[in-house]
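# Observations on the three-dimensional arrangement
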Amino acid sequence: PHLAALVLARGGSKGIPLKNIKPLAGVPLIGWVLRAAIDAGVFHSIWVSTDHDEIEKVAKQFGAQVHRRSPEVSQDSSTSLEAITEFLNHHHEVDIVGNIQATSPCLHPSDLIKVADLIQKEGFDSVFSVVRRHQFRWSEVKKGENKMTEPQNLNPAKRYRRQDWPGELYENGSFYFAKRHLIEKGYLQGGKMAYYEMRAEHSVDIDIDIDWPIAEQRVLSFGYFGKEPLKEVKLLVCSVDGCLTNGRIYVTEDHKEMVSYNYRDFVGIDLLKKRGIQVRLISDRDCSKTLSAMQLGCVAKVNVTNKLQVLKDWQEDMGLSWKEVAYLGNEESDVECLKQAGMSGVPADACAAAQKAAGYICKSRGGCGAVQEFAEHIFLLLEKVNSARKQ
């Protein structure tokens, strides 16, 4: 049976505008679940259903096919079931739909593989995700009602300790898998049903702005970063113009050049060095005088015509794997380097091609703290590496 992953990503989010492609920990939100779906290797096709051009562009960038949904199922009042049914009406080859929520960035391929087995090998008609919670529930008393609240799942005289109570299962909305015949009857859950319990740390949902910073920290700690394990970064190569500086060149009347930089980026470089990470600089143009004036104490290569070759030379000279190399760039000449490095980033104002190739998009612009921000991103991922080693 043809199993299709389907991510519903409407452009008209009210809580957070264009939420589905807003960068979360440097990756468009929808990119986290698409990466997990692709690497799971269980889907015959992977789709994003959207009504928005920018979402379509990002979906294709991450390897998904796009179904352009109609205005009729793109309203605020439209249901997921309506959008899924429309998709099936256009794709008769699909037998099973795995509806994956774009707002669940901590989803892992291992979860999707196990769910695919439940529905394909064990014969379930529908499978949905749940998470175990240890929360005591009380009945609601509406304003003006003259009555007391009542306990729903506890005895107040004998409250459970967490370790003595198994808790309860709640839908977390991360995914709903269902067979075609069930959806055509108007159900996402029905027939022979099963739930799949996700780990609590992987159960993250983003609905409103205040969820964002919490989700960002959770995904850095528990998110899925790709098939290959992360390694400790030993070298950061940073493009000078547009990353370390803002890309502007000021020319005085006597033809001398001046550039501006941000002290925070110098702090970031110093922190990297203290952590044992070498920082090297690279530039298309001859900015040796500028770098000398900055007194960064970094190895630099200027007047470079082939940045990737320089990066390869440095990587080989230091005896590093690509997973141990990070690269911060911002223009088309940086694209191949961004693709090759194990960890890659760009400032917020980088060109479209560089943004597409990067693994992390900074909130800061070039020359305005992007280097420091990328350094902090590296430190967070290194914490993840060290945590995995301890486990």
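Treat the numbers as computed from the prediction; the structure is a model and nothing was measured.

About the thresholds
- Residues numbered from 1 in each chain as written.
- Predicted model: local features only at pLDDT ≥ 70, side-chain atom pairs only at ≥ 80, totals over all residues.
- Heavy atoms only, no water.
- Pairing = 2+ DSSP bridges.
- Helix = DSSP H or I, 4+ residues; strand = E, 2+ residues; numbered from the N terminus.
- Salt bridge = Lys/Arg side-chain N within 4 Å of Asp/Glu carboxyl O.
- Buried < 20%, exposed > 50% of the residue type's maximum accessible area, 1.4 Å probe, protein only.
- Core = buried A, V, L, I, M, F, W, Y, C linked by side-chain atoms within 4.5 Å.
- Domains from an automatic or database assignment.
- Contact = heavy atoms within 4.5 Å.
- pLDDT = per-residue confidence, 0-100.
- Buried area = accessible area lost by both parts, 1.4 Å probe.
- Nonpolar A, V, L, I, M, F, W, Y, C, P; charged D, E, K, R; others polar.
- Axes fitted to C-alpha atoms, helices over the stretch in contact; angles between N-to-C directions.
- Parallel < 35°, antiparallel > 145°, perpendicular 65-115°, else oblique.
- Left-handed = near helix turned anticlockwise from the far one by under 90°.

## Details of the sheet that holds strand β10 (residues 235–239)
The parallel open sheet is built from six strands, whose spatial order is β14-β13-β10-β15-β16-β17. The open sheet has two edge strands with one neighbour each: β14 (299–301) and β17 (360–361). Of the strand pairs in this sheet, strand β15 (residues 325–328) and strand β16 (residues 343–346) are connected by three bridges, and their pairing is parallel. When the bridges of β16 are listed, Tyr-327 appears paired with Ser-344.

## Observations concerning the pattern of salt bridges
Scanning the entire structure with this criterion turns up 21 salt bridges. A salt bridge links Asp-117 to Lys-121; the nearest nitrogen and oxygen atoms lie 3.6 Å apart. For Glu-201, the salt bridge goes to Arg-199, with nearest N and O atoms at 2.5 Å. Overall, Glu-201 belongs to the partly exposed group, its relative accessible area being 23%. Each member of the salt-bridge network shares a partner with another, and the members are Asp-53, Glu-56, Lys-60 and Arg-68.

## Observations regarding the nonpolar core
Ile-30, Phe-43, Ile-100, Leu-112 and Ile-378 are the most contacted members of the largest nonpolar core, which totals 82 residues. Here this core spans two domains, since at least three of its residues come from each of domain 1 (3–222) and domain 2 (235–389). Discounting residues that sit within four places of it in the chain, Ile-100 has contacts with Ala-5, Leu-6, Val-7, Leu-8, Val-33, Ala-37, Phe-43, Leu-107, Leu-112, Ser-174 and Phe-175.

## Topic: the confidence of the model for the chain
Put simply, the chain has an average pLDDT of 88, and 93% of its residues get 70 or more. Per-element averaging of pLDDT across the chain places strand β12 (residues 257–258) at the bottom with 66 and strand β6 (residues 96–100) at the top with 97.

## Brief notes about the domain arrangement of the chain
One frequently used descriptor of interface size is the decrease in accessible area upon assembly of the parts. Here the chain is described as being made up of domain 1 (3–222) and domain 2 (235–389). Distance from the C-alpha centre of domain 1 to the C-alpha centre of domain 2: 37 Å. Between domain 1 and domain 2, roughly 800 Å² of surface is buried when both sides are summed, and carbon and sulfur atoms account for 56% of that area. Of all residues in domain 1, the largest losses of buried area upon contact with domain 2 belong to Gly-26, Gln-61 and Leu-220, amounting jointly to 56% of the total for that side. The salt bridge partner of Lys-363 is Glu-216, with a shortest N-O separation of 3.5 Å. Considering each element in turn, the side of domain 1 that touches domain 2 owes the most residues, five residues, to helix α6 (residues 211–222). Its residues assigned to classes, the side of domain 1 that touches domain 2 comprises four nonpolar, four polar and one charged.

## Side note on the packing of helix α1 (residues 29–40) against helix α4 (residues 109–120)
Relative orientation of the contacting elements α1 and α4 amounts to 55°, with a least axis distance of 8 Å. Judged by the inter-axis angle, α1 sits oblique to α4. Every pair of crossing elements has a handedness; the one defined by α1 and α4 is right-handed. Residues Ala-36, Ala-37, Asp-39 and Ala-40 of α1 form the contact with α4, whose own contacting residues are Pro-109, Leu-112 and Ile-113. Looking at the contact of α1 with α4 residue by residue, the class counts come to six nonpolar, no polar and one charged.

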